[in-house]
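Coordinate analysis (summary)
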Amino acid sequence: MLYCINNLKKGRNNAGSKAPADVYEIAKEYGALEIKFYEPKLRKKVFLTRITALPVGIQNWNRLNKKVKAGDWVLLQHPNENLVVANYYIDIVKRKNVHFIALIHDLDSLRKSLTINDKRLQKRNFKADTLLLKKCDYIICHNEYMKKYLLEQGFDKNRIVCLEIFDYLHKSKLIKTKSKEKSVAIAGNLIEGKCGYLYKLCTRNNLPFFIHLFGPNYEGPVKKSFLMYHGACNPDELPEKLEGSFGLVWDGTEIDKCAGNAGEYIKYNNPHKCSLFLASNMPVIIWKHAALAEFVVKNGVGITIDSLLEIGEAIDKISNQEYEKMVENTKKIGEKLRDGHYLKSALTQIKME
């Protein structure tokens, strides 16, 4: 029997809760049974949250241990919010001949996080991404670039399956895609520390393309000649509200390349925003060196660029017929994403015997 941990996150109106929720829904459709993992009450001080997280984590893993039996499989969503408890209990559960599949949402040791100078946190992230993951029987990672990184850390290549791209479930009504225009949608957490490039674009007097902004934590101009901020909304409702001919997949501090912690991470991860755009039948523009650039090119669902300043010219080079073909290709991929195709395919590759 396959079980899937359902990380219950209340009141989080962002992709951070959307992705784990989708994983559970897809696994359930695949035939998995639910194991509920409740989150601890968030406190203003981090150390207080960690203290309250301990008994909650023990209760979660006790619930799992009581439910599973020999021969069962558990889909574990990584990273786990309580490393100490997870690291202790996974050994206990495995003694019952229970097997674990870790689906990676993020590798914090690779991302290095915004608290890069915190050596204690770096040590914790390293343990989570090596010691804990290596106890799992299989790992579902994002793509071949992340797989290569894991192999360099000593993981068994025969135990790693690539997801290709994250699925994105929604039932929003998708409007008919407009004809090609020099406009892009930028969606996600718009905090300056994550997308400093956006704030640098905002300092310009003009751009050869228009920007539609969607997401929380935006502190720039709400409206300019080349920009409009549409606010934040629920990830399940966002697909029907997106505007623009392309979705932009870009991270980091710079305009001419993806740089900084977030920018470097895009060389290895599958940004959830790319799945959002494609599941909304919107072709994408992505940094040429991003890990998902190969997927975009191979499936004909967008274009790649080196610099954001190339966007206007890059769109000009696409004929109306070529854009219409991209939209058709995107609709095919979007249908797969909305159906959970990629996670189901990854699970199928794992021999659960």
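Preceding this section is the structure that the text describes.
Residues numbered from 1 in each chain as written. Predicted model: local features only at pLDDT ≥ 70, side-chain atom pairs only at ≥ 80, totals over all residues. Heavy atoms only, no water.

Remarks on the sheet that holds strand β2 (residues 33–38)
Inclusion rule: A pair of strands counts as paired when DSSP detects no fewer than two bridges linking them. In this description a helix means any DSSP run of H or I spanning at least four residues, a strand means any run of E spanning at least two, and both kinds are numbered starting from the N terminus. Every axis corresponds to a line fitted to the C-alpha atoms, with the helix fit spanning only the stretch in contact, and the corresponding angles, defined between N-to-C directions, vary from 0 to 180 degrees. The contact rule is simple, with two residues in contact once any of their heavy atoms fall within 4.5 Å.
Pairing in this open sheet of 6 strands is parallel, and the strands run β2-β1-β3-β4-β5-β6 from one edge to the other. Two strands lie at the open edges of the sheet, namely β2 and β6 (160–162), each paired on one side alone. Across the sheet, the axes of successive neighbouring strands diverge by a mean angle of 25 degrees, strand direction being ignored. In the packing of helix α6 (residues 144–152) onto the sheet, the strands contacted are β4 (99–104), β5 (138–141) and β6, and the crossing angle to β6 comes to about 160 degrees. Along the sheet, helix α13 (residues 341–348) contacts β4, β5 and β6; its crossing angle with β5, the most-contacted strand, is approximately 155 degrees.

A few points about the sheet that holds strand β11 (residues 246–249)
Sheet architecture is open: 7 strands sit in the order β9-β10-β8-β7-β11-β12-β13, paired in mixed fashion. Each of the sheet's edge strands pairs with one partner strand only, and the pair in question is β9 (223–224) and β13 (302–305). Here 5 bridges tie strand β7 (residues 183–187) to strand β8 (residues 210–214), and the two strands are oriented parallel to one another. Note that in β8 the partner of Ala 187 across the bridge is Phe 214.

Examining the packing of aromatic side chains
Note the cut-off: In this analysis, rings of Phe, Tyr and Trp, with Trp reduced to its six-membered ring, are considered paired at centre separations within 6.5 Å, and the interplanar angle assigns stacked below 30 degrees, edge-to-face beyond 60, and tilted for intermediate values. Under the scheme applied here, a residue whose accessible area is under 20% of the maximum for its type counts as buried, over 50% as exposed, and between as partly exposed, the area being computed with a 1.4 Å probe on protein chains only.
Tallied over the entire structure, the rule returns 11 aromatic pairs. When the centroid spacing of 6.1 Å and the interplanar angle of 35 degrees are considered together, the rings of Trp 61 and Phe 100 count as tilted. Here Phe 100 lies in strand β4 and Trp 61 lies in helix α2 (residues 46–67), a separation of 39 residues in the sequence. Here Trp 61 matches Phe 100 in class, with each residue buried.

Overview of the environment of Leu 201
Here Leu 201 lies in helix α7 (residues 196–202). Expressed as a C-alpha distance, the spacing of Leu 201 and Glu 181, which sit 20 residues apart in the sequence, is 19 Å. Apart from the residues within four sequence positions on either side, Leu 201 is in contact with Leu 207, Ile 211, Phe 226, Ile 255 and Leu 308.

Everything listed is a geometric property; what it means functionally is a separate question.
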